[in-house]
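Notes for the structure review
Residues per chain, in single letters:
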Amino acid sequence: MSVSSMTRNEVRKRSRDARLGQAIRAVLLSTLLMAPAVSAGAEETKPLRFCADPTNLPFSSDDPGKPGLYLEIGQAVAEKLGRAVSYKWYKSYFGKRTVRETLLSKQCDAMVGLPLVDDFMGPAVIFSQPIAHEGYALVGAKDCKLAGIDDLKGLRVAVQYESAPQNLLASRDDIQKVTVLSPDEGMAALAQGKVDVAFIWAPVAGWLNKTTYDDKYQVVSTEGDGLLWKTAIGFAKASGALRDEVDGVLPSLQPEIAALFAKYGVPNGAPVKFGQADRTTSSTGVSEPTTVGQATTTEKPVQTAAATGDIKAGRETFNGTCAHCHGPDAVQSERRIDLRLLKKRYGADMEATFWKTVHEGRPAKGMPSWKDVFSDDELKNVYAYLQTLQTSDSSN
């Protein structure tokens, strides 16, 4: 091949390469120019992510046929906002740990049904306007009068172990208490004629009444200290704009939300008022509840050495996790687990006993180990709070 032929071939090749390069650059430029619009559109239409428990009916479920009350509320909100939904599943019995590891870890955008109370997760969580109430209910025959605590005189009443109803009725000798471990057991005792009334967790009672007992009973919500509280949709504190969007559509969803409560059998009517707690403030500055129906503490708390932890933070952690078994603010009718008696029971060994128990747990007695859930600083705060509650006598 001649030099002149090689030169012509090289020229043709270089010409083709130049045209190809121009085409590639044009495509890249077009893509770059379009990219912001595509990204913005994707942001607007991305799914609204909800944190939820996969096995927690009537609230939530991973069964598409029975998604649960709170998931259906979330779906209705997302539809109003023109967005699809997706879920981050996590077991709810971990309490505040669930919120930390899902919502606050940016695994999801919102969590439906969080308690709308001042000391829940502090400023880390912000809330929508209230969507519902949640608490305990009286369950009995439809012809049974359940208008107040005096209607329970002379009756056999199922109360959940270590619950607000058990504490409330503890000092009422004119009411026969039958302790049950769960709402399911309380409903079964009622159906078997072992009790006349069940005073149990309202949402589960309503759900079981509808699905298992053919709507045989009346389920009446109650109101009083530790018996009822508002619930809302929770968001991480940086999601104020999303919270405002949700608040904007919630009023129009009220009829649909009411229908969902009825669908799942969860009581949502006017509650029976058992009275509000008479709250007094001790010399430590910590508000201590005295529940109507309970005997009050007659002596002032024992003065202890100055706590080294954060008392306010300790109270928040305690009421968010420990109160499930030990009662809100440690108000407890079972003396053996009454944490206000730690100083009286263990004396100088109180602190050592506390650390051994929270670190190692007492599995045989139902007490889990908390060392992998809370840091020592968080547990120190709980201990500081418990120090403020110690008393030489706690009559419940």
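It should be noted that the structure appears before, not after, this text.
Residues numbered from 1 in each chain as written. Predicted model: local features only at pLDDT ≥ 70, side-chain atom pairs only at ≥ 80, totals over all residues. Heavy atoms only, no water.

A tally of regular secondary structure across the chain gives twelve helices and 15 strands. Counting every position in the chain, which comprises 396 residues, the buried fraction comes to 44%. Of the roughly 20,300 Å² of accessible surface on the chain, 54% is carried by carbon and sulfur atoms. (Helix = DSSP H or I, 4+ residues; strand = E, 2+ residues; numbered from the N terminus. Buried < 20%, exposed > 50% of the residue type's maximum accessible area, 1.4 Å probe, protein only. Areas by Shrake-Rupley, 256 points an atom, 1.4 Å probe, with all protein chains shown as cover.)

This next bit is on the layout of surface pockets. Each pocket or cavity is described by its volume, and for the second largest pocket that value is around 730 Å³. Forming the boundary of the second largest pocket are 29 residues, of which His 326, Ile 337, Leu 339, Thr 357 and Met 367 lie nearest the centre. Elements with a minimum of two residues in the lining of the second largest pocket: α9 (311-326), α10 (342-346), α11 (350-360) and α12 (376-389). Residue contributions to the lining of the second largest pocket peak at seven residues, all from α9. Taken together, the residues that form the lining of the second largest pocket break down as 17 nonpolar, seven polar and five charged. (1 Å grid on protein atoms, 1.4 Å probe; cavity = no way out; pocket = protein on both sides within 12 Å on 5 of 7 lines; lining within 4 Å. Points joined across faces, edges and corners; volume = space filled by probe spheres on them. Nonpolar A, V, L, I, M, F, W, Y, C, P; charged D, E, K, R; others polar.)

Buried residues dominate strand β5 (residues 111-115), accounting for five of its five residues. With four bridges connecting them, β5 and strand β12 (residues 228-236) associate as antiparallel partners. Bridge pairing in β12 links Pro 115 to Thr 231. (Pairing = 2+ DSSP bridges.)

The next thing to look at is the state of the cysteines. For the coordinates displayed, the defined rule picks out one disulfide. Paired by a disulfide, Cys 51 and Cys 108 hold their sulfur atoms 1.5 Å apart. A residue pair is termed long-range when its members are at least 10 positions apart, and Cys 51 in strand β1 (residues 48-52) and Cys 108 in the loop between α3 (96-101) and β5 qualify at 57 residues. The exposure class assigned to Cys 51 is buried, which follows from its relative accessible area of 6%. Look at Cys 108 and you get buried, because its relative accessible area is 4%. (Disulfide = S-S within 2.5 Å.)

Okay, α9 next. Look at α9: only 17 Å from first C-alpha to last across 16 residues, short of the 22 Å you get at 1.5 Å a residue. The sharpest bend along α9 reaches about 50° and sits at Gly 320. The set of residues buried in α9 consists of Gly 314, Thr 317, Phe 318, Thr 321, Cys 322, Ala 323 and His 326. Buried residues belonging to α9 abut α3 and α12. Residue Asp 310 occupies the N-cap position of α9, its side-chain oxygen lying 3.1 Å from the main-chain nitrogen of Lys 312. Positive phi appears at Gly 327, one or two residues downstream of α9, with a value of about 90°. (Expected span 1.5 Å × (residues − 1). Bend = angle between axes of the 7 residues up to and from the residue. Contact = heavy atoms within 4.5 Å. Polar contact = N/O pair within 3.5 Å; in protein donor to acceptor, adjacent residues only side chain to side chain.)

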